[in-house]
Amino acid sequence: MAEAGVQSEDYMAFLRQPSSNMDDSGFFSIQVISEALKVWNLDLIPYSSQDPVAMTARENPVEQCAFICNFKEHWLTIRKLGHQWFNLNSLLTGPELISDTFLAMFLAQLQQEGYSIFLITGELPNCEADQLLKITRAFQPIKPQLISDTDNAGSSDNSGKNPTQFIDEDALQRALAESREMLEAEDAELQRAVRLSMEGDAEEQTSDRVETAEEIRQRRLAYLASTDNPQAEDTGTQDMTDDAMLQEALKMSMESA
């Protein structure tokens, strides 16, 4: 039809016709989404089907990577980021943290509310949030609210603020820096302990060294020189031969030991 020209009346009338695959609100059919996911080698499997992969997912949904859910003209995604699950519903004020124990119950609740759930299989593309949450877990003391409930509540002390609380990038960087400093301090302390240990071993080896004969002789002479009668001792020392003096010093050393 475009061959007649994109400005032709027939082509313009064709564009104005409603499509079963999308509408003006941005709603896409499951066929369109399935084709789009094939770009990343991802497939969609109905969660409640008898497909063996779907049956395994119902038994242990925590081991899967993501789900997409549809109710009427609204889609939402439930995805694992890092090691935690999140409800990425655009009707909420922010992502909702889902515990592993609550995931199966949450999926069952969506089914009871009329949602069609599809399991996503394949390896999801890398993203910054996934990498960050593999380093440190998220925590959420306050659950997000429906945007409609927030609008109806009007202005309040918390208006304009996101009630969800996830990882603070600055806090994470500070924590990483402090961790590096602690590791460096521990390494320096370990090096100091090793150095002191080596010095202690050297001192111990020095203290265990056997004195030479000359050192014993000199220590004996110093001892004799410090007695009350240095002149008499010095005279006696002059009469002694070096060999006799050495024998006497060895004897005294053994007696003192």
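Our structure's up above, just so we're on the same page.
The present account deals with the structure reproduced in this document.

Conventions used here
- Residues numbered from 1 in each chain as written.
- Predicted model: local features only at pLDDT ≥ 70, side-chain atom pairs only at ≥ 80, totals over all residues.
- Heavy atoms only, no water.
- Helix = DSSP H or I, 4+ residues; strand = E, 2+ residues; numbered from the N terminus.
- Buried < 20%, exposed > 50% of the residue type's maximum accessible area, 1.4 Å probe, protein only.
- Lys, Arg positive; Asp, Glu negative; His and termini not counted.
- Salt bridge = Lys/Arg side-chain N within 4 Å of Asp/Glu carboxyl O.
- Contact = heavy atoms within 4.5 Å.
- Core = buried A, V, L, I, M, F, W, Y, C linked by side-chain atoms within 4.5 Å.
- Polar contact = N/O pair within 3.5 Å; in protein donor to acceptor, adjacent residues only side chain to side chain.

## Considerations on the side chain of R79
Phase 1: Structurally, R79 can be placed in strand 3 (residues 74-81).
Phase 2: For the buried R79, no salt bridge is present, and the opposite-charge side chain at shortest range is D130, 5.0 Å distant.
Phase 3: When neighbours within four sequence positions are excluded, R79 is seen to be in contact with C65, A66, Q84, W85, F86, L88, L124, P125, C127 and D130.

## Concerning the environment of P144
Phase 1: Among the structural elements, P144 can be located in the loop between helix 5 (128-135) and helix 6 (147-153).
Phase 2: Exposure remark for P144: the relative accessible area of 11% places this residue in the buried category.
Phase 3: C-alpha separation for the pair P144 and E96, spaced 48 residues apart in sequence, amounts to 6.2 Å.

## A look at the nonpolar core
Nonpolar side chains in soluble globular proteins tend to end up buried together.
Phase 1: Grouped together as the largest cluster of nonpolar side chains are 16 residues, with contacts concentrated most on F67, I78 and L110.
Phase 2: Per-element tally for this core: the top contributor is helix 4 (residues 100-112), with 4 residues.
Phase 3: Those residues in contact with I78 that lie beyond four places of it in its chain are A66, F67, C69, W85, F86, N87, I98, L103, F106, L107 and L110.
Phase 4: In terms of nonpolar packing, the next biggest core, distinct from the first, is built from 11 residues, L37, C65, I120 and L124 among them.

## Concerning the side chain of N89
Phase 1: Within the fold, N89 resides in the loop between strand 4 (84-88) and strand 5 (96-98).
Phase 2: Reaching out from N89, the side chain makes a polar contact with the backbone nitrogen of L91 at a distance of 3.0 Å.
Phase 3: Not counting residues up to four positions away in its chain, the partners in contact with N89 are H74 and L76.

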